[in-house]
Amino acid sequence: MRRNSIRSDSRAVEGMPIRLVVAVTVGAAAMSLLVPMLDTVEETQQTAVTVEPERHQVVLDSETTMQDVTVAVVSAEGEPIPESTVIVSERSLPLVDGPQTFETGPDSHEVTLSIGDTPEADVPVSFRRTQQRGTIELGVRPPSNGEFTVRSDHPEITVSKPG
């Protein structure tokens, strides 16, 4: 058996190759320079946007074939957000024309839409043969001129008709 002295051993820390020791040392030095820089990065303030319908229940009958619902686009704190788009899509109640969009406009944060089972309604619904109640979902697309994020919980409106 041949014995090597410690002076002729080219390995650094007990069996680790010298290149690995150098790489770890350089990496640790680089991290010590980069970590303090993270404190200088500013977080962007994003406002959460959602929609709030004036009511969550619409009842249609032979006399009332459609009803108006006002939907407001607001921040999580309740501040109005103008120039937004309200998106109406089906959940358990089919929409005749599929998903629809409504613009609030530059001077308003609300949109009024009529929901009904007639073609004259802004959001015409189509009950299935045995269906007496269903839901439609309200979503929002915030204006593109700000730091907005959309909340993931979308409110629903339940539409029902007597049997």
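Residues numbered from 1 in each chain as written. Predicted model: local features only at pLDDT ≥ 70, side-chain atom pairs only at ≥ 80, totals over all residues. Heavy atoms only, no water.

Caption draft 1: Spotlight on the overall build of the protein. In terms of helices and strands, the protein carries one helix and ten strands. Starting at the N terminus, the α and β elements of the protein follow one another as α-β-β-β-β-β-β-β-β-β-β. For the protein, the residues scored as buried account for 33% of the 163 residues in total. The long-range share in the protein, meaning contacts at least 24 apart out of those at least 6 apart in sequence, stands at 63%. Summed over all atoms, the accessible surface of the protein reaches about 11,200 Å², with 50% contributed by carbon and sulfur. (Helix = DSSP H or I, 4+ residues; strand = E, 2+ residues; numbered from the N terminus. Buried < 20%, exposed > 50% of the residue type's maximum accessible area, 1.4 Å probe, protein only. Contact = heavy atoms within 4.5 Å. Areas by Shrake-Rupley, 256 points an atom, 1.4 Å probe, with all protein chains shown as cover.)

Caption draft 2: Highlighting the sheet that holds strand S10 (residues 156-160). Pairing is mixed in the open sheet, where five strands are placed in the order S2-S10-S8-S4-S5. What marks the edges here is a single partner per strand, and that holds for strand S2 (57-59) and strand S5 (100-103). For this sheet, the mean angle separating the axes of adjacent strands, direction not counted, is 25 degrees. Relative to S10, strand S8 (residues 133-141) runs antiparallel, the two sharing five bridges. In the sheet register, Ile136 faces S10, and the bridge partner there is Ile157. (Pairing = 2+ DSSP bridges. Axes fitted to C-alpha atoms, helices over the stretch in contact; angles between N-to-C directions.)

Caption draft 3: Geometry of the pairing of strand S3 (residues 66-75). Taking burial as the measure, the ten residues of S3 include eight buried ones, the bulk of the element. With five bridges joining them, strand S1 (residues 47-53) and S3 adopt antiparallel strand pairing. Across the sheet, the residue bridging to Val49 is Ser75, located in S3. By the bridge criterion, seven bridges tie S3 to strand S6 (residues 110-116) in an arrangement that is antiparallel. In the strand pairing of S6, Met66 is matched with Gly116.

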